[in-house]
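Overview (structure and organization)
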Amino acid sequence: MSKEIVLSGIRSTGNLHLGNYYGALRKFVKIQDDYDCRFFIADLHALTTNPNPADLHANVKKILAEYLAAGIDPDKATIFIQSDVPEVAEMYLLLNMHVGIGELMRTTSFKDKARKALGLSAPAEGDDDEAFEKQIIGSETNKRVNAGLLTYPTLMAVDILIQKATKVPVGKDQLQHLELTRRFARRFNSFYNVDYFAEPYDFDFGGAPVKVPGLDGSGKMGKSEGNCIYLIDEPKALRKKVMRAVTDEGPKEPNSPMAEPVANLFSLLELTSTPEVVKHYRDAYADCSIRYGDLKKQLAEDILAVTTPIRERINDILADEDYLRRVVKQGAEKARESAAKTLADVRQIMGIRKF
């Protein structure tokens, strides 16, 4: 009996952080024996921000090493680089023929990123999509909003559909794109009167989702937020980041509610420390004896206990170019095998046939 296909990709825009590790990588390692797991580095998606070519290549290499160092096994899971599967680019073109410009322009992620690229203010209450489209189209600086950013959901849909994945773990910000993937699959099946693409669904791994907060006092940890602890961080840099984490003046009365920045530090403590350590600092907070400096020092050492072996493996893997080349070659071959079959079927269904 064939295993269900799980697919996940991450853009090659920088190192992986503690949020990536607890939110995804640890879970990927746990499921790689039970599912047909396909994990890729989305370097084509990264092109929407026009990265420096040298940086793009370096980031791909770093994320590949971080995947491996976290425990993803290339003999159990398919690990590949998106651009190593040229079938993706062709199917991206073909699927775009069935995607409307309007539905792409209405996606939340496109509107947010386009406004940010153009330096536009957040929409006022009651603003409609038509007004936004006029803003984008009429802007003298709209060259900053490239077509790749607009068609990002199509490329994501192709990543999923070309591998016939049915389970796709995504964050809240990608749920709309996953819904569009289902819509595009239904549209293709209906237009050509076939039952070819199955609709993929979010894969939550079971249990409560893990939210890893950033160090800036609010929100989750994210590369674009500048509030991360990276898996590759050296001890000195990591300790410095944690000691600078936002807190407050401390509790004034016993059993006071925690402000968000302090609650975030405790969330990190619960992820990385022992129950006894967590209880010690919770009790200290409750009776107003807590010293945030001591809490931060403890947190930094406990995080280092998690990241140090990973960082050491990352550095060892980065130094082994032959191993990295073998991994990406093996992954590309596996990914292309299934992608080529899907693309051939799609071409046949659409009437693109050889004489």
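What this report covers is the structure whose coordinates are included nearby. Being a predicted model, the structure only gives us computed values, none of them experimental.

**Comments concerning the side chain of R311**
- Counting through the fold element by element, R311 comes out in helix 14 (residues 292-318).
- By relative accessible area, R311 is classed as buried at 7%.
- Once you skip the residues sitting within four places of it in the chain, R311 turns out to touch L231, I232, D233, E234, P235 and L304.

**Here we look at unusual backbone geometry**
- For K164, which is not a glycine, the phi torsion comes out positive at approximately 55 degrees.
- In this structure, K164 sits in the loop between helix 9 (152-161) and strand 4 (167-168).
- By relative accessible area, which is 32% here, K164 ends up partly exposed.
- In the Ramachandran plot, C288 falls in the positive-phi region, its phi being about 70 degrees despite a non-glycine side chain.
- Assignment of secondary structure puts C288 in the loop between helix 13 (275-286) and helix 14.
- Its relative accessible area of 27% is what places C288 among the partly exposed residues.

**Focus on the nonpolar core**
- Counting 59 residues, the largest nonpolar core has L25 and Y67 as its most contacted members.
- No other element matches the 10 residues that helix 14 contributes to this core.
- Not counting chain neighbours up to four residues away, the residues in contact with L25 comprise L16, N20, Y67, A70, I72 and L231.
- In terms of nonpolar packing, the next biggest core, distinct from the first, is built from 40 residues, L155, A165, L178 and L343 among them.

**Re the packing of aromatic side chains**
- Under the criterion given, the structure shown has 9 aromatic pairs.
- Between F28 and F39 the ring centres are 4.4 Å apart and the planes differ by 20 degrees, which places this aromatic pair in the stacked class. Linking F28 in helix 1 (residues 18-31) with F39 in strand 2 (residues 36-42), this pair joins segments that are 11 residues apart in sequence. Of the two residues, F28 and F39, neither departs from the other in class, the shared state being buried.
- Their ring planes at 20 degrees and their centres at 5.5 Å tell us that F40 and F80 sit as a pair that is stacked. Of the two residues, F40 sits in strand 2 while F80 sits in strand 3 (residues 78-81), which places them 40 residues apart along the sequence. As far as the burial class goes, F40 and F80 line up, both buried.
- An aromatic cluster is present here, built from F188, F191, Y192, Y196 and F197 joined pairwise through their rings.

**A closer look at the packing of helix 11 (residues 235-243) against helix 14**
- Following both chains from N to C, one finds helix 11 and helix 14 inclined at 145 degrees, their axes separated by 9 Å at the closest point. Of the two possible hands of crossing, helix 11 and helix 14 adopt the one that is right-handed. Of helix 14, the residues touching helix 11 (which contributes P235, L238, R239, V242 and M243) are G293, K296, K297, L299, A300, E301, I303, L304, T307 and R311.
- When its residues are assigned to classes, the contact of helix 11 with helix 14 shows 8 nonpolar, 2 polar and 5 charged.

Conventions and cut-offs
- Residues numbered from 1 in each chain as written.
- Predicted model: local features only at pLDDT ≥ 70, side-chain atom pairs only at ≥ 80, totals over all residues.
- Heavy atoms only, no water.
- Helix = DSSP H or I, 4+ residues; strand = E, 2+ residues; numbered from the N terminus.
- Buried < 20%, exposed > 50% of the residue type's maximum accessible area, 1.4 Å probe, protein only.
- Contact = heavy atoms within 4.5 Å.
- Core = buried A, V, L, I, M, F, W, Y, C linked by side-chain atoms within 4.5 Å.
- Phe/Tyr/Trp six-rings, centres within 6.5 Å; stacked < 30°, edge-to-face > 60°.
- Axes fitted to C-alpha atoms, helices over the stretch in contact; angles between N-to-C directions.
- Left-handed = near helix turned anticlockwise from the far one by under 90°.
- Nonpolar A, V, L, I, M, F, W, Y, C, P; charged D, E, K, R; others polar.

Remember, this is a structural readout, not a statement about activity or role.
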